[in-house]
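Examination of the molecular architecture
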Amino acid sequence: MLKQRATSLTLQVLFAVLALPMVVWAGGGAGFIDAGKFALLIQMGVGIGIIILAWIIKDKMGIPLPKIIQAPIIWVAAYIVFRFVLQPPIPFSLLAIYMAVVTIACFLYVSLSQPSWEEFTSPIKFMLQEDSGKAKMSRYFTFAAIPLLLAYGTYNKMLPKFDEPIELRTVHPAPPASINVHDKVLNLQTAENPFRIDDSGKYLKVGLESVYHGKNPFAADAPKFLQSVRDGGGVFFGTAGCFFCHGDNLDGRGPFAFAFNPIPANFADPGTIAQLQETFVFWRVAKGGPGLSREAFPWASAMPPWEKHLTTNEMWQVILFEYWHTGFFPRTWD
């Protein structure tokens, strides 16, 4: 009786978890919960649903599922989740690490006990050792399929690809005369970074900020310029999380960088922000990649319009940080 109650309670909890995404969806989806949590609940519901389905097939319907089939199913399911379901997409190096862990976990699962290991290896031994017609056919098929798959993979890897579109490269698209950010019109030829100021509070001409390069922005007596650099770094590494794409060293090699095409701009390259005015960078940070033509590499990227997430001051501060961190000076209109 106690066992039946425990089973009933477990099923009720599992069905409640499964029903939660539907309740959220019925309640308005994104209006009731943010999109990330909603997607996570859906994924959890699907995962638990698969586990329950496997339990019903194995224990309730009495249909055995050999270990040699269970392990590949777990491996393929994990690959689908990491490769296609998980958002944002993870880079290949991280995917390889995750799949290596899953492979080890599958191996441990099938070798937990001697009976489990024997169940897993018995079909392999049968195929390799027996002389029956069925075993021979499986052996011939396996020994033919493995080199064919390896040959196909090698051929596909080495085959030259000609399907990449030929695009003109604008490098840096021409900026408009002015933009509207947070209901204020900004003239890109006359605007200045309000945080480019010296110790007396006066505007700091381009090039003179070299006195602050290599200094500690976290020092207690840090001047105003370095305080703004520090705040901009907080936006880059904290509020906006720019480093996920542009990297810790601003070299465009963040952990998510290679999930995008084109990859994020490399600020450490003298061909990017060092060739641009601060107002140009502000324009691209504020408006992001949407709306630009495909030729506008590397700015026609997946970068969001940060004016929807950051204040005007935060965008100016993060630009100040980018130039300070790379050691470059912005170009001027002179």
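Residues numbered from 1 in each chain as written. Predicted model: local features only at pLDDT ≥ 70, side-chain atom pairs only at ≥ 80, totals over all residues. Heavy atoms only, no water.

With that out of the way, let us pick up the pairing of strand 2 (residues 184-187). Alignment of strand 1 (residues 178-181) against strand 2, held across 4 bridges, turns out to be antiparallel. Following the sheet pairing, V181 is matched in strand 2 by K184. As consecutive antiparallel partners, strand 1 and strand 2 are separated by 2 residues, and within that stretch H182 has a phi angle of approximately 55°, a positive value. (Pairing = 2+ DSSP bridges. Helix = DSSP H or I, 4+ residues; strand = E, 2+ residues; numbered from the N terminus.)

So, on to the packing of helix 3 (residues 67-85) against helix 4 (residues 92-110). One can describe the packing of helix 3 onto helix 4 by two numbers: an axis separation of 10 Å at closest approach and a directional angle of 160°. Judged on the interaxial angle alone, helix 4 and helix 3 are roughly antiparallel. As for how helix 3 packs across helix 4, the hand of that crossing is right-handed. Contact residues: helix 3 offers K67, Q70, A71, I74, W75, A78, Y79, F82 and R83, while helix 4 offers L95, Y98, M99, V102, T103, C106, Y109 and V110. Considering only residue class, the contact of helix 3 with helix 4 consists of 13 nonpolar, 2 polar and 2 charged. (Axes fitted to C-alpha atoms, helices over the stretch in contact; angles between N-to-C directions. Parallel < 35°, antiparallel > 145°, perpendicular 65-115°, else oblique. Left-handed = near helix turned anticlockwise from the far one by under 90°. Contact = heavy atoms within 4.5 Å. Nonpolar A, V, L, I, M, F, W, Y, C, P; charged D, E, K, R; others polar.)

A positive phi angle is found at D183, which is not glycine, with a value near 65°. With respect to the helices and strands, D183 occurs in the loop between strand 1 and strand 2. For D183, a relative accessible area of 76% gives the class exposed. Phi at L250 is positive, roughly 60°, even though this residue is not glycine. Relative to the elements of secondary structure, L250 occurs in the loop between helix 8 (243-246) and helix 9 (278-287). (Buried < 20%, exposed > 50% of the residue type's maximum accessible area, 1.4 Å probe, protein only.)

Of all hydrophobic cores here, the largest spans 41 residues; its most connected members are F225, F282, M315 and I319. With 8 residues, helix 10 (residues 312-326) is the largest single contributor of residues to this core. Setting aside chain neighbours within four positions, we find F225 in contact with F195, R196, I197, L204, E209, Y212, L320 and W324. In this structure, A71, I90, V102 and C106 belong to the second largest nonpolar core, which totals 9 residues. (Core = buried A, V, L, I, M, F, W, Y, C linked by side-chain atoms within 4.5 Å.)

Evaluated as defined, the whole model comprises 15 aromatic pairs. With 6.2 Å between their ring centres and 80° between their planes, Y79 and F84 make a pair best called edge-to-face. Using a relative accessible area of 30% as the deciding quantity, one classes Y79 as partly exposed. A residue is classified by how much of its surface remains accessible, and F84, at 52% relative accessible area, is exposed. Each ring, one from F236 and one from F237, has its centre 5.0 Å from the other, and the planes form 70°; the classification is edge-to-face. Owing to a relative accessible area of 0%, F236 belongs among the buried residues under this scheme. The class of F237 is partly exposed, set by a relative accessible area of 36%. Through a chain of ring-to-ring contacts, three or more aromatic side chains come together here, namely F236, F237, F243, F244, F256, F321 and W324. (Phe/Tyr/Trp six-rings, centres within 6.5 Å; stacked < 30°, edge-to-face > 60°.)

Moving on to the pattern of salt bridges. Evaluation of the coordinates by the stated rule reveals 5 salt bridges. The shortest N-O distance in the salt bridge between E278 and R196 comes to 3.0 Å. Of this pair, E278 sits in helix 9 while R196 sits in the loop between strand 2 and helix 7 (224-239); the two residues are 82 residues apart in sequence, bridging distant segments of the chain. With respect to burial, E278 and R196 carry one shared label: buried. For D231, the salt bridge identified is with R230, shortest N-O distance 4.0 Å. (Salt bridge = Lys/Arg side-chain N within 4 Å of Asp/Glu carboxyl O.)

The values are spatial; any link to function lies outside them.
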